[in-house]
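For reference, the chains in residue letters:
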Amino acid sequence: MIGLISATAAGAAARDRLAAAWPGRTRVYDGPVGDAVRAAFAECEQLVCFLATGAVVRLIAPLLADKAADPGVVCVDEGGRFAVSLVGGHGGGANELAAEVGDLLGAAPVVTTATDSVGLAGLDTLGLPVEGDVAGVSRALLDGEPVRLDAEAPWPLPALPVADEGAYAVRVTDRAVEPADGEVLLRPPSLVVGVGASKGAPVDEVLDLVAGALRGAGLSARSVAELATVDAKASEPGIVEAAERLGVPLVTYSAEELAAVAVPNPSGAPLAAVGTPSVAEAAALVGGGELLVPKRKSERTDGRPAMATCAIARRSARGRLAVVGLGPGARDLLTPRAAAELRRAAVLVGLDQYVDQIRDLLRPGTRILESGLGAEEERARTAVAEAREGRAVALIGSGDAGVYAMASPALAEASDDIDVVGVPGVTAALAAGAVLGAPLGHDHVSISLSDLHTPWEVIERRVRAAAESDLVVTFYNPRSRGRHWQLPKALEILAGHREPTTPVGVVRNASRPDEAARLTTLAELDPATVDMMTVVTVGNTATREIAGRMVTPRGYRWQDGGARQEAR
């Protein structure tokens, strides 16, 4: 919950805008400001104070206890010009909250956290439990001192400017070790604990068993990702509460799914009870991985039979491939989600000219794998291979990566051993359409005239189908020095079904500084003025030029009405 506190009418107006925009996420605190701040600090995860920073500092100073537990605090000035991340920038999420508040209120977010200021990923913002000398290692990264990365358990981390050697280290491990001097431990969620239990098994017996198994194998409880069991035990109180106390989800599988998993220690008892020869080992291994702790039973001091079993497996890290559309070229048409994925990646794969567009957005330490035109399939294979090594990879393309771009070859190469995230982008057709007016207001189709990947016979058949179907057509890759006849042929096909006066929009470098657009007709378009940087949009029989803009109505009623009026 986010507590909202204000002292003036202007502050209350901005406060109410946040409350209206985030219903259910915020709580307004009225009354004396001091009492409101103290109450919100005790009851909320974050605070937004529409007060002077000095006043907020004095009010919260006696309340601060631990930066890992204190709420994040953002201050907004009386004029609504700035949203200042005051306390809890990382641990309390104040840096992100300041950006959110700024977006909503039109205020500039002010973030003074050192790592954020220079574009470094904060070690305590990577989404993993962190231990050790966070301040010292972060300072070393900021000062450019060599910091080595020891990845005992590979994990798809964001980019970090690390070296092969160094006095400081970032160590990724699920083993129960203590951090050395100048070392930070990152705990990946790599361990799955499979559990089985008799009806009525006490939660303490389950927890003692799990703790003992982890301790005996030298594994960290902070790397436990989930407890797993059979569906029949989904409501077993001892297992449910054990997961709650450990702070991990309880995942269940059907007996059929577990029975299909090969395990070293099958047993007839669970087969008779729940329909699978293994619960603990199979539940730990159902997603694949390495069995670190075979099935073991709980130990009781009262001489009664054990009521719980567990096994522990380490799952291999799943690499992450984000296929990112950069939009048509203008920076303000790059989506916030795309920008976030670029900062999330440790490896960037892309066409050299596209890399140049967004190089400044990459975090220090990002490994860039760029290549020239014509190497699309090679880039796709490279990106997938990097993700299979457990890395966080961004594969970039212009417009939308799924439209005549990199998503298709990448997903054709990828299997289910990596996580794939698609990030949509503004396409060239949409950017050109916005420049022209509203040419895509009704059914439309995009057709690439490049026969490098598609035989011309297929392209021609599609153009004819679009012509006969009266679809608005946007031509991608319309003409190059080596392909000069395809566009005239396509226009000839369309001319067989549309009037010579049909509007045609021609946009070159849509959204870029040298953007050029013109509106012509099907009869007057000169194909020689078109190149590969151009998008050509041909209207349908309802498309009109209105006030110098190309407009296709959403329906045909105005065309029918005009025809009826002419008939009268």
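The residue count restarts for each chain, going from 1 along the sequence in the order it is written. Per-residue local features of the predicted model are confined to residues with pLDDT of at least 70, and side-chain atom pairs are confined, for both listing and counting, to 80 or more; whole-chain, interface and lining totals are unaffected and use all residues. As a rule here, side-chain values cover all heavy atoms of the structure and leave hydrogens and water aside.

### As for the packing of helix H7 (residues 203-217) against helix H8 (residues 237-246)
Axis definition: a line fit to C-alpha positions, over the contact stretch in the case of helices; interaxial angles, taken between N-to-C directions, run 0 to 180 degrees. Secondary structure elements are taken from DSSP: a helix is a run of H or I of four residues or more, a strand is a run of E of two residues or more, and numbering for both begins at the N terminus. At a minimum axis distance of 8 Å, the contact between H7 and H8 shows a crossing angle of 55 degrees. On the basis of their axis angle, the class for H7 and H8 is oblique. Every pair of crossing elements has a handedness; the one defined by H7 and H8 is right-handed. For the pair formed by H7 and H8, the contact residues are Val-203, Asp-204, Val-206, Leu-207 and Val-210 on the first element and Gly-238, Glu-241, Ala-242, Arg-245 and Leu-246 on the second. Throughout, the term roughly parallel applies to angles under 35 degrees, roughly antiparallel to angles over 145, roughly perpendicular to angles from 65 to 115, and oblique to all others. Each crossing gets its handedness from the near helix: less than a right angle anticlockwise from the far helix is left-handed, clockwise is right-handed. The contact criterion used throughout is that any non-hydrogen atoms of two residues lie within 4.5 Å.

### Regarding the packing of helix H1 (residues 9-21) against helix H4 (residues 94-105)
The geometry of H1 relative to H4 is characterised by a closest axis approach of 11 Å and an angle of 105 degrees between their N-to-C directions. With respect to their mutual orientation, H1 and H4 come out roughly perpendicular. Facing Ala-14, Arg-17, Leu-18 and Ala-21 of H1, the residues of H4 in contact are Val-101, Leu-104 and Leu-105. Amino acids are sorted into nonpolar (Ala, Val, Leu, Ile, Met, Phe, Trp, Tyr, Cys and Pro), charged (Asp, Glu, Lys and Arg) and polar (every other residue, Gly among them). A per-class count over the contact of H1 with H4 returns six nonpolar, no polar and one charged.

### Quick look at the side chain of Glu-236
Inspection of the secondary structure assignment puts Glu-236 in the loop between strand S12 (224-230) and H8. Non-local contacts of Glu-236, meaning those with residues more than four positions away in its chain, are made with Ser-198, Lys-199, Gly-200 and Ala-201.

### Notes on the pairing of strand S16 (residues 320-325)
Exposure is judged per residue with a 1.4 Å probe applied to protein chains only, and the accessible area is read against the type maximum: over 50% gives exposed, under 20% gives buried, and values in between give partly exposed. Summarising burial for S16: six of the six residues are buried, a large majority. Alternating positions in S16 separate into two faces, Arg-320, Ala-322 and Val-324 on one and Leu-321, Val-323 and Gly-325 on the other, with burial throughout. One requirement defines pairing of two strands: DSSP has to find at least two bridges between them. Bridge count for S16 against strand S19 (residues 392-397) is six bridges, and the pairing is parallel. Paired with Ala-322 across the bridge in S19 is Ala-394. Relative to strand S20 (residues 419-423), S16 is paired through five bridges, and the arrangement is parallel. Within S20, the residue paired with Val-323 across the bridge is Gly-422.

### What about the packing of aromatic side chains?
Ring pairs (aromatic) are described by centroid distance and by the angle formed between their planes. Each Phe, Tyr or Trp ring (for Trp, its six-membered ring) is paired with any other whose centre lies within 6.5 Å, and the angle between the two planes then decides the class: stacked below 30 degrees, edge-to-face above 60, tilted in between. What the rule picks out here adds up to two aromatic pairs. Plain terms: the ring middles of Tyr-404 and Tyr-476 are 4.8 Å apart, the flat faces sit at 50 degrees to each other, and that makes the pair tilted. Here Tyr-476 lies in strand S23 (residues 472-476) and Tyr-404 lies in the loop between S19 and helix H15 (407-413), a separation of 72 residues in the sequence. The buried category is assigned to Tyr-476, whose relative accessible area is 12%.

### A short note on H1
Between its first and last C-alpha, H1 extends 18 Å over 13 residues, near the 18 Å set by a 1.5 Å rise per residue. Listed as buried for H1 are Gly-11, Ala-12, Ala-14, Arg-15 and Leu-18. Angularly, the buried residues of H1 cover 165 degrees about the axis, an arc narrow enough to put them on a single face. Turned more than 90 degrees off the buried face of H1, the exposed positions are Ala-9 and Ala-20. In the core, the buried residues of H1 are packed alongside strand S1 (2-6), strand S2 (26-29), strand S3 (46-50) and H4. To estimate the expected span of a helix, subtract one from its residue number and multiply by 1.5 Å. In this context, the arc is that of the directions from the helix axis out to the C-beta atoms.

### Thoughts on the environment of Pro-270
Tracing the backbone shows Pro-270 in helix H10 (residues 268-274). Here the alpha-carbon distance between Pro-270 and Ala-255, two residues 15 residues apart in the chain, equals 9.8 Å. If we ignore the near neighbours within four places in the chain, the residues touching Pro-270 are Gly-275, Thr-276, Pro-277, Ser-278 and Val-279.

### Focus on unusual backbone geometry
Here Ser-511, not a glycine, exhibits a phi torsion of approximately 80 degrees, which is positive. Mapped onto the secondary structure, Ser-511 falls in the loop between strand S24 (503-508) and strand S25 (516-521). Backbone geometry places Ala-547, a non-glycine residue, at a positive phi of 55 degrees.

### Some details on the sheet that holds S20
Read from one edge of the open sheet, five strands run S18-S17-S19-S16-S20, paired in parallel fashion. In the strand order of this sheet, the two ends are held by strand S18 (367-371) and S20, each with one partner. Pairwise comparison of adjacent strand axes, ignoring direction, gives a mean angle of 15 degrees for this sheet. In this fold helix H12 (residues 336-344) packs onto S16, strand S17 (347-351), S19 and S20, with an angle of close to 140 degrees to the strand it touches most, S16.

### Looking at the confidence of the model for the protein
When pLDDT is averaged along the protein, the result is 90; 97% of the residues meet or exceed 70. Low pLDDT, under 50, characterises residues 562-568; the predicted model gives this stretch zero contacts beyond four residues in sequence or across chains. Values of pLDDT, which run from 0 to 100, indicate the predictor's confidence residue by residue.

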